[in-house]
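Architecture at a glance
For reference, the chains in residue letters:
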Amino acid sequence: CDANIEVLFDDRKETAGVKFKDMELLGIPFQVIIGKKYLEHQQVEIKNRQSGESFVCDADRLQETLNQILTQ
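A brief structural summary. (Residues numbered from 1 in each chain as written. Predicted model: local features only at pLDDT ≥ 70, side-chain atom pairs only at ≥ 80, totals over all residues. Heavy atoms only, no water.)

Remarks on the sheet that holds strand β1 (residues 30–33)
Pairing is antiparallel across the open sheet formed by 3 strands, whose spatial order is β1-β2-β3. Two strands bound the open sheet, and with one partner strand each, they are β1 and β3 (54–58). Pairwise comparison of adjacent strand axes, ignoring direction, gives a mean angle of 25° for this sheet. Of the strand pairs in this sheet, strand β2 (residues 43–48) and β3 are connected by 5 bridges, and their pairing is antiparallel. Pairing of Glu45 across the sheet is with Val56, part of β3. Along the sheet, helix α3 (residues 62–70) contacts β1, β2 and β3; its crossing angle with β2, the most-contacted strand, is approximately 20°. (Pairing = 2+ DSSP bridges. Helix = DSSP H or I, 4+ residues; strand = E, 2+ residues; numbered from the N terminus. Axes fitted to C-alpha atoms, helices over the stretch in contact; angles between N-to-C directions. Contact = heavy atoms within 4.5 Å.)

Set out below in structure tokens:
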């Protein structure tokens, strides 16, 4: 893959709030949120931490959607 995207997967047994707070402290620019309500529809949420914008996309189009966001 030549997308040059680094991934930090947080699989700790912590609440979502704790994980989001830690992402803020680390300065993670984009959050990809995979939750039960999205999995039912095979979707994920992408949140731009800087702008606060959120996007929902099909899970199989995640890389394509991130590339579009990053090249804007």
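Let us keep going from here.
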